[in-house]
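# A structural walkthrough
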Amino acid sequence: MARAPLVDRLRASAPQISVGVLTADWMTLGSQLRLIEGAGVDLLHFDVMDGVFCPMLTMGPPVVAGLKTRLLKDVHLMIEDPLSKLDAFVAAGADIITVHAESTRHSHRVLQALGRMTNANDPHRGIVRGIALNPGTPLEVLEPLAGEFDMVLVLAVNPGWSGQKFIASTCERVKRLRESLGDTALICVDGGVTRDNIGNIARLGADIIVTGSAVFDGKTPLENAKAMQGALR
Ligand code: DX5
Ligand code: ZN
């Protein structure tokens, strides 16, 4: 399976932030996203929750499709039976699709299916195949999936809500993962990221760092996004 060209683009710009849209002010979303685009952000993170895999319900493919933006769409599926929904999220314009290892008996099959799909925005871009692990899931589940994923998303909170506190043991997991993966896959860290901890998370080897409430809380998303990016330089 040839690697998606998008993987190389993401690696070249690592570490970078992926801005979680869930906590934005949806009344002024268009202007907020334009400001963030102007600040050099490349990735927009969609937290898709079905109320079954995790307690909360959020958004589905129409929302992913409906946000017209030049930002890459980074879709984090916290849903049961992701295989049956992949087509809909691909058609909605997902550039990165991440499924949870705990959400399906057939994570290998889901990743294989993702690898055969074509990016609806640009067929030459490819789709980045992500596998996510809850804080309680051992890293060893990744071993039999080697070669079938481009990115590992390490949850630093239990899935369900924005604005939770970063679980400290995540740091050790990210460090171990960087050592074991080398440059064979990207690492994404998601949940509880703040201005205070983002620099440390990047130093542990994360390539993509999701930040939701730390950007959209308060009235200054542009300034917040710039501060988060600045902490990575
Ligand atoms: C957790 C989600 C995260 C979260 C990020 O269920 O996957 O993406 O919403 O939000 P913050 O940055 O506020 O923790
Ligand atoms: Zn997420």
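As shown above, the structure is provided for reference.
Structural notes, computed from the coordinates. (Residues numbered from 1 in each chain as written. Chains lettered and ligands numbered in written order. Predicted model: local features only at pLDDT ≥ 70, side-chain atom pairs only at ≥ 80, totals over all residues. Heavy atoms only, no water.)

## Structural notes on the pattern of salt bridges
Side-chain pairs of opposite charge can arise whenever the charged atoms involved come near each other. All chains considered together, the criterion is met by 10 salt bridges. With a closest N to O distance of 3.9 Å, E172 and K175 form a salt bridge. Residue E172 and its partner K175 are located together in helix α6 (residues 170–181), separated by three residues, close to a single helical turn. When its relative accessible area of 45% is taken as the criterion, E172 is described as partly exposed. Residues participating in the shared-partner salt-bridge network are R129, E148 and D150. (Salt bridge = Lys/Arg side-chain N within 4 Å of Asp/Glu carboxyl O. Helix = DSSP H or I, 4+ residues; strand = E, 2+ residues; numbered from the N terminus. Buried < 20%, exposed > 50% of the residue type's maximum accessible area, 1.4 Å probe, protein only.)

## So, the site of ligand 1
Lining the immediate environment of ligand 1, one finds 18 residues, of which D47, G163, D190, G212 and S213 sit closest. Backbone polar atom of G163 to an oxygen atom of ligand 1: 2.8 Å apart, as the coordinates give it. About the coverage of ligand 1: the protein hides 99% of its 380 Å² of free accessible area. Looking at the shell around ligand 1, the elements that each hand over two or more residues are β2 (43–49), β3 (72–78) and β8 (208–211). Here the element with the most residues in the shell around ligand 1 is β2; it accounts for three residues. (Near = heavy atom within 4 Å. Polar contact = N/O pair within 3.5 Å; in protein donor to acceptor, adjacent residues only side chain to side chain. Areas by Shrake-Rupley, 256 points an atom, 1.4 Å probe, with all protein chains shown as cover.)

## Some thoughts on the pairing of strand β7 (residues 186–190)
Every other side chain in a regular strand lies on the same face of the sheet, so the side chains alternate between the two faces. A large share of β7 lies buried, amounting to five of its five residues. Burial along β7 is two-sided: the face carrying L186, C188 and D190 and the face carrying I187 and V189 are both buried. You can see the chain leave strand β6 (residues 151–155), run along α6 and come back into β7, and the turn it takes is right-handed. Pairing between β7 and β8: three bridges, direction parallel. By the bridge assignment for β8, C188 is matched with I208. Once you follow β7 into helix α7 (residues 198–203) and on to β8, the crossover reads as right-handed. (Right-handed = clockwise from strand over helix to strand, strands pointing away. Pairing = 2+ DSSP bridges.)

## Considering the coordination of the zinc ion (ligand 2)
The zinc ion (ligand 2) binds to the protein through H45 (NE2), D47 (OD), H76 (ND1) and D190 (OD), with metal-donor distances spanning 2.0 to 2.3 Å. Viewed at the metal, the six donor atoms of the zinc ion (ligand 2) are separated by angles of 67 to 166°, and the geometry they form is octahedral. Binding-site remark: the zinc ion (ligand 2) is held by donors from one chain whose sequence spacing is H-x1-D-x28-H-x113-D. Within this pair, whereas H76 is found in strand β3, its partner D190 is found in strand β7, the two being separated by 114 residues in sequence. Overall, the relative accessible area of 0% leaves H76 in the buried class. By relative accessible area, D190 is classed as buried at 7%. (Donors = N, O, S within 2.8 Å, 3.2 Å for Na, K, Ca; no water. Tetrahedral: all angles 85-135°; square planar, octahedral: opposite > 155°, others 65-115°.)

## Examining the environment of T58
Within the element layout of this structure, T58 appears in the loop between β2 and α3 (61–66). Excluding its chain neighbours within four sequence positions, the residues that come into contact with T58 are L22, D47, V48 and M49. Among the polar contacts listed, one links the side chain of T58 to the backbone oxygen of D47, at a separation of 2.6 Å. At a separation of 2.8 Å, a polar atom in the side chain of T58 contacts the main-chain amide nitrogen of M49. (Contact = heavy atoms within 4.5 Å.)

## Topic: helix α9 (residues 221–230)
Along α9, the positions that sit buried rather than exposed are P221, N224, A225, M228 and Q229. For α9, the arc enclosing every buried residue in end-on projection is 135°, short of the 170-degree limit, so these residues lie on one face. (Arc of directions from axis to C-beta.)

## Some thoughts on the side chain of S213
Topologically, S213 is positioned in helix α8 (residues 213–216). S213 sits in the buried class, given a relative accessible area of 18%. Filtering out sequence-adjacent residues up to four positions away, S213 remains in contact with T23 and G163.

## Considerations on the sheet that holds strand β1 (residues 16–20)
Consider a sheet: its strands pair through backbone hydrogen bonds, and that pairing is either parallel or antiparallel. Here eight strands make up a closed barrel; going around it, the order is β1-β2-β3-β4-β5-β6-β7-β8 and the pairing parallel. Along the sheet, successive strands turn relative to each other by an average axial angle of 25°, direction set aside. Bridge count between β6 and β7: five bridges; the pairing is parallel. Bridged to V154 within β7 is V189. (Axes fitted to C-alpha atoms, helices over the stretch in contact; angles between N-to-C directions.)

Geometry only, nothing functional implied.
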